[in-house]
Amino acid sequence: MKLRKSFFARSVHDVAPELVGATLLVDGIGGRIVEVEAYDHEDPAAHSYRGKTERNASMFGSPGRAYVYRSYGIHWCLNFVCADASAVLIRALEPTHGLETMASRRGTSKPRLLAAGPGRLAQALGVTKEHDGLPLDRPPFELYPSEEVEIEVGPRVGITKAAERPWRYGEAGSKFLSRRIRPRQRS
């Protein structure tokens with residue numbers, strides 16, 4: 001059974017950890033999601049924080065759509081829109097479908113390097129601005145519910161605002177994470 005739009009019509013903090021272990025395919029290419037980050041609309045690191053713009057308009061649409069943006073003018077990044085103009089950044093997946101296509105797109109055949117990191121993931125799956133705003137419950141997307149996995153939680157990476165928030169979720173022990181999750185230190 002595929003995930004439907006209603007799955008995303010909830011708090012990003014409920015959706016994000018439930019995506020770890022889910023299967024994501026784009027035109028039949030993809031694998032198991034092993035790492036995500038949550039971006040809440042009240043979060044200064046979220047693109048929706050300062051309001052709607054041409055770039056982030058998809059975040060303000062209905063939940064269950066893709067939000068695709070270019071990071072640092074170089075890499076496309078794939079996000080899943082949730083309730084309240086929030087989104088889940090898909091950071092890494094374990095490749096299981098279409099490895100040859102992913103290897104061709106990425107210029108490497110090392111499975112660990114195919115989709116570990118949001119830019120690599122988008123390139124491996126062929127995600128571009130053309131996917132922005134598309135519904136996640138229709139082609140080219142296919143999303144299947146998570147299998148049960150142990151999840152590690154830690155601070156987000158690659159951002160400067162609110163980076164300390166423990167809104168990064170990853171499959172414990174996965175060798176396909178973009179980088180190791182270091183649990184938040186308690187003071």
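Residues numbered from 1 in each chain as written. Predicted model: local features only at pLDDT ≥ 70, side-chain atom pairs only at ≥ 80, totals over all residues. Heavy atoms only, no water.

**What to know about the pairing of strand β4 (residues 75-81)**
Here is step 1: The buried fraction of β4 is high, at six of seven residues.
Here is step 2: Pairing analysis gives six bridges linking strand β3 (residues 66-71) to β4, with the strands arranged antiparallel. Looking at β4, one finds that Ala-66 is bridged to Phe-80.
Here is step 3: Joining the antiparallel neighbours β3 and β4 is a turn of three residues, in which Tyr-72 adopts a positive phi near 55 degrees.
Here is step 4: Where β4 and strand β5 (residues 87-97) come together, three bridges link them in antiparallel fashion. Paired with Asn-79 across the bridge in β5 is Leu-89.
Here is step 5: Count of turn residues in the β4/β5 antiparallel hairpin: five residues, of which Asp-84 carries a positive phi of about 60 degrees. (Buried < 20%, exposed > 50% of the residue type's maximum accessible area, 1.4 Å probe, protein only. Helix = DSSP H or I, 4+ residues; strand = E, 2+ residues; numbered from the N terminus. Pairing = 2+ DSSP bridges.)

**Some thoughts on the pattern of salt bridges**
Here is step 1: Applying the stated criterion to the full structure yields eight salt bridges.
Here is step 2: For the salt bridge of Glu-18 with Arg-10, the shortest nitrogen-to-oxygen distance reads 3.0 Å.
Here is step 3: We classify Glu-18 as partly exposed; its relative accessible area is 38%.
Here is step 4: Using a relative accessible area of 25% as the deciding quantity, one classes Arg-10 as partly exposed.
Here is step 5: Of the charged contacts in the structure, one is a salt bridge between Glu-37 and Arg-91, with a shortest N-O distance of 3.9 Å. Linking Glu-37 in strand β2 (residues 29-39) with Arg-91 in strand β5, this pair joins segments that are 54 residues apart in sequence.
Here is step 6: The class of Arg-91 is buried, set by a relative accessible area of 7%.
Here is step 7: The network of salt bridges with shared partners includes Arg-32, Glu-94, Glu-147 and Glu-171. (Salt bridge = Lys/Arg side-chain N within 4 Å of Asp/Glu carboxyl O.)

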